[in-house]
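# Survey of secondary and tertiary structure
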Amino acid sequence: METKIINLPKIFDQRGNLSFIEEENHVPFKVKRTFWIYDVPGGENRGGHAFRDTEEFIVALSGSFDVVLHDGEKELVFQLNRSYYGLYVPKMMWREMRNFSTNSLALVLASTPYNPDDYIRDFEGYKELTRCKQV
Ligand code: TYD
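Residues numbered from 1 in each chain as written. Predicted model: local features only at pLDDT ≥ 70, side-chain atom pairs only at ≥ 80, totals over all residues. Heavy atoms only, no water.

This part covers the site of the ligand. Close to the ligand lie Arg33, Phe35, Arg46, Gly47, His49, Tyr114, Tyr119 and Arg121. In this structure, Gly47 approaches the ligand through a main-chain N or O atom, which is 3.1 Å from an oxygen atom. Between the ligand and the protein, one listed contact pairs an oxygen atom with a side-chain N or O atom of His49 at 2.6 Å. Protein burial of the ligand: of its 530 Å² of free accessible surface, 59% is covered by the chains. Among the secondary structure elements, those contributing two or more residues to the shell around the ligand are strand 4 (33-37) and strand 5 (46-51). Considering each element in turn, the shell around the ligand owes the most residues, three residues, to strand 5. Of the residues in the shell around the ligand, the class split is three nonpolar, two polar and three charged. (Near = heavy atom within 4 Å. Polar contact = N/O pair within 3.5 Å; in protein donor to acceptor, adjacent residues only side chain to side chain. Areas by Shrake-Rupley, 256 points an atom, 1.4 Å probe, with all protein chains shown as cover. Helix = DSSP H or I, 4+ residues; strand = E, 2+ residues; numbered from the N terminus. Nonpolar A, V, L, I, M, F, W, Y, C, P; charged D, E, K, R; others polar.)

What follows is the structure, encoded as structure tokens:
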């Protein structure tokens with residue numbers, strides 16, 4: 001599946017709204033890991049890498065932030081600011097997270113357990129790898 005915003009179910013209720021995520025339904029993979037990013041000081045960025053194998057699904061549970069993606073050729077920017085939208089990020093996509101609002105909370109579902117060897121942290125090396133794949 002390509003990069004895309006996925007609408008999650010929204011159950012409106014006077015007592016408070018509810019949304020949910022089911023693996024292999026709203027996210028197109030089995031969830032092996034969940035982590036969240038919080039208490040981001042103003043002006044800080046997260047990410048700045050790609051994954052060889054990991055697919056991710058990112059939700060702004062609270063507040064807002066931008067997910068800046070690069071596929072080796074072009075940049076795509078997604079502003080996440082609703083808890084019922086998720087961004088599906090395929091493997092081998094360079095990502096950065098910027099412009100975190102105060103008290104924002106980023107939930108990330110991942111298709112793999114944490115593995116530092118899955119990271120590509122050098123952008124030039126990443127672009128080289130994507131060029132090799134296109135040939
Ligand atoms: P990292 O993915 O590099 O964060 P970011 O790219 O957003 O700056 O992770 C930061 C640190 O947290 C790094 O030391 C590895 C650790 N970490 C885990 O131990 N498990 C995880 O699932 C994640 C995502 C990170």
